[in-house]
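Below are the chains, spelled out letter by letter.
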Amino acid sequence: MADDYDVIIVGSGAGGGTLAHRLAPSGKHVLILERGDWLPREIENWDATAVFVDNRYVSTDTWHDKDGNAFQPQIHYYVGGATKLYGAALFRMRERDFGELRHHGGVSPAWPIEYSDLEAYYTQAEQLYRVHGNRGEDPTEPPASAPYPFPAISHEPRMQQLFDDMSGVGLHPFHAPCGIMLDEASPAFSPCIRCATCDGFPCLVHAKSDADVIAVRPALAHENVTLIRNAQVRRLVTDTSGRTVTSVVADVDGQEQRFSAAIVVVSAGAANSARLLLASANDTHPNGLANGSDQVGRNYMFHNSRAFLAVSTEPNLTHFQKTIALNDYYFGDDEFEFPMGNVQMVGKSSGPMYKGEKPIETALAPHFALQDIATHAVDFWLSVEDLPQPENRVTLDSQGSIVLSYTPNNREPLDQLYNRVKKHLSHMGMHPHHLIPRDAYMKTDIPIAGVAHQVGTVRFGADPASSVLDTDCKAHQLDNLYVVDTSFFPSISAVNPSLTAIANAMRVGDHLLSRLG
């Protein structure tokens, strides 16, 4: 058994990495067990062919769907977790997202906490992750106790024209909140160089606000925080009562090791956190650890999303494109009473991303040559809430590998949102008949392998019969087990989940500091 710690954290992403940062100044002995290694700094970080075609940084995991079909999830195991390749879009959930919402496809359940319980932590999260934005532009914006810590990122000329055109047709575009270390006032001293290789790429110059750079590395400056890389946690072992996790069993560079701590925190991502709990079944937890409610693994969500490019009549020479978002249809409109969702830009597409994409070739020929696409492409991302369904779930096969069963739901709002964006495009300098799915960006419509926004599976709630965790994200059935990643979400809202995971990790961190004294 390795040395005892006060806290073991399994995973170093938005949840686990931020929690380690929160606990580090306390002097408590914290161990981070990370399945991956440091993401290598190499020129391929910014090579679209390496990243999008060769899948250089994607895990070699094989998962199976409900029909037994094997697929490779678009998942990344590195220090910093999924944030190493995210687009750093750091939205707060809307205030109404925390309550019950009636959707076209069913009901999005209420959370056991309110927006006001998380607001102060949202503010701290924006400060820690250096979020740029501008309050007061978004009509659905929730109340905030402080301005964004950094000014909104300016629009490049083609994006400014798009912003103006959206405003001109009566919409309310706003500057998208983004976590990058850009200093436009002093560009010579700016870590961020405003490149086109941010969203979906690792940052070669460490200027993206990912959990590795922002949280884990500063935490490791404290002698009481230890990081063990290449440590894949296989199971959690409890005492005979089943109430206390006594050891964490991990393969470290191929050798089994055991670690113990007063508190164990699982933060491996919604699919892998569920996998770990299910794989830790024992006599007192025969259906999986903390699974007396039969909710572990259930209610998997990952957004109804659609990525597409519109072909601009004028060249789009933008480098950093993720500066515009739109929530006018977030909660519906006069013609469709149900919530639709969020519109934002994705990273600027480039020629190598189109390799092998027949829809692009057939949709544009003969009007455009393929080499012209990237020059004229304006890239959109639509994000719509999918609803928690018990049968959308993570289970394990006989080898202990992940089986991800998912049947789409609440799809009509995605079509409604797409049609509303589409009807405006001719007023925004786009060719309305040249709308092409962005297959290279996590595929579209985003299939089961697109796991970047995965949530659910270990939901929190007040009732142990219908949830796995209590409102402090402690397992109902165990005294020292917490889950602090996007697993805890009872619903997904229609905005990117990262900032909510970060804010909640801070909230749970304060609870743990109080508990540890």
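Residue indices follow the written sequence of each chain, beginning from 1 at its first position. In view of the model being predicted, local features appear only for residues whose pLDDT reaches at least 70, and side-chain atom pairs are presented and counted only at 80 or more, with totals across whole chains, interfaces and linings using the full set of residues. The basis for the side-chain values is all heavy atoms of the structure; hydrogens and waters are excluded.

**What to know about the sheet that holds strand S7 (residues 131-133)**
Link 1 in the chain: The mixed open sheet is built from three strands, whose spatial order is S8-S7-S10. At either end of the open sheet lies a strand with only one pairing partner, and these are strand S8 (150-151) and strand S10 (178-179).
Link 2 in the chain: Pairing geometry for S7 and S10, over two bridges, is antiparallel. Counterpart to Val131 in the pairing with S10 is Gly179. Note on pairing: DSSP must find at least two bridges between two strands before they are called paired. Think of it this way: any DSSP run of H or I at least four residues long counts as a helix, any run of E at least two long counts as a strand, and we number them from the N terminus.

**Details of the environment of Met166**
Link 1 in the chain: Tracing the sequence through the fold places Met166 in helix H4 (residues 157-168).
Link 2 in the chain: Taking the C-alpha atoms as reference, Met166 lies 29 Å from Thr123; in sequence the two are 43 residues apart.
Link 3 in the chain: Contacts are assigned to residue pairs that have any heavy atoms within 4.5 Å of one another. When near neighbours in sequence (up to four residues on either side) are disregarded, Met166 contacts Leu171, Pro173, Ile324, Phe380 and Met428.

**Considerations on the pattern of salt bridges**
Link 1 in the chain: We define a salt bridge as a side-chain nitrogen of Lys or Arg found within 4 Å of a carboxyl oxygen belonging to Asp or Glu. Evaluation of the coordinates by the stated rule reveals 23 salt bridges.
Link 2 in the chain: Asp210 is paired through a salt bridge with Lys84; the nearest N and O atoms lie 3.1 Å apart. Note that Asp210 is positioned in the loop between S10 and helix H5 (211-220) and Lys84 in the loop between strand S4 (70-71) and strand S5 (101-103), a separation of 126 residues in sequence.
Link 3 in the chain: With a closest N to O distance of 2.7 Å, Asp479 and Arg243 form a salt bridge.

**Describing the confidence of the model for the chain**
Link 1 in the chain: Scored between 0 and 100, pLDDT is the confidence that the predictor attaches to each residue. Looking at the chain as a whole, its pLDDT mean stands at 93, while 94% of the residues score no less than 70.
Link 2 in the chain: Predicted confidence for residues 440-444 stays below pLDDT 50, and this span has 20 contacts to residues more than four positions away or in other chains.

**Considering empty space enclosed by the protein**
Link 1 in the chain: Each cavity reported here is a set of points on a 1 Å grid over the protein atoms alone in which a 1.4 Å probe fits but cannot get out, each pocket an open set with protein on both sides within 12 Å along at least five of seven lines, and each lining residue one with an atom within 4 Å of a point. Grid points are joined across faces, edges and corners, and a volume is the space filled by probe spheres set on the points. Under the definition given, this model contains seven cavities of 30 Å³ or more.
Link 2 in the chain: As for the second largest cavity, its lining consists of 13 residues, and the residues nearest its centre are Arg94, Asp138, Glu141, Tyr148 and Pro177.
Link 3 in the chain: Any residue outside Ala, Val, Leu, Ile, Met, Phe, Trp, Tyr, Cys, Pro, Asp, Glu, Lys and Arg is labelled polar, Gly included; the first ten of those are nonpolar and the last four are charged. Partitioning the lining of the second largest cavity into residue classes produces five nonpolar, two polar and six charged.

**Description of the sheet that holds S4**
Link 1 in the chain: Strand order in the open sheet formed by four strands is S4-S3-S20-S19, with mixed pairing between adjacent strands. Each end of this open sheet is capped by a strand with a single partner; those strands are S4 and strand S19 (393-396).
Link 2 in the chain: Summarising the sheet, strand S3 (residues 63-65) and S4 pair through two bridges and their orientation is antiparallel. The partner of His64 across the bridge, within S4, is Ala70.
Link 3 in the chain: Between the N-to-C directions of two axes lies an angle of 0 to 180 degrees, each axis being a line fitted to C-alpha atoms and, for a helix, fitted only over the stretch in contact. Against the sheet, helix H6 (residues 270-279) contacts S3, S19 and strand S20 (402-405), and its axis sits at roughly 40° relative to S19.

**Topic: the side chain of Ser493**
Link 1 in the chain: Structurally, Ser493 is set in the loop between strand S22 (481-483) and helix H10 (498-516).
Link 2 in the chain: Only protein chains enter the accessibility calculation, which uses a 1.4 Å probe. A residue is then buried if its area is under 20% of the maximum for its type, exposed if over 50%, and partly exposed in between. Looking at Ser493, the relative accessible area reads 1%, which means it is buried.
Link 3 in the chain: Pairing of N or O atoms within 3.5 Å defines a polar contact, subject to two protein rules: one partner must be a possible hydrogen donor and the other a possible acceptor, and residues neighboring in sequence count only if both atoms are side-chain atoms. A polar contact of 3.4 Å, which involves the side chain of Ser493, links it to the backbone nitrogen of Val495.
Link 4 in the chain: Ignoring sequence-local partners within four residues, the contact set of Ser493 consists of Met93, Asp97, His303, Tyr330 and Glu385.

**So, the layout of surface pockets**
Link 1 in the chain: Its volume calculated, the largest pocket comes out at about 230 Å³.
Link 2 in the chain: In terms of lining residues, the largest pocket is bounded by 15 residues, among which Gln232, Arg234, Arg275, Gly400 and Ser401 are the most central.
Link 3 in the chain: At the level of secondary structure, the elements contributing two or more residues to the lining of the largest pocket comprise strand S12 (231-238) and H6.
Link 4 in the chain: In terms of residue class, the lining of the largest pocket is made up of four nonpolar, six polar and five charged.
Link 5 in the chain: If you go around the second largest pocket, the residues you meet are Arg130, His132, Phe150, Pro151, Ala152, Ile180, Met181, Leu182, Asp183, Glu184, Ala185 and Pro191.
Link 6 in the chain: Here the lining of the second largest pocket is composed, by residue class, of eight nonpolar, one polar and three charged.

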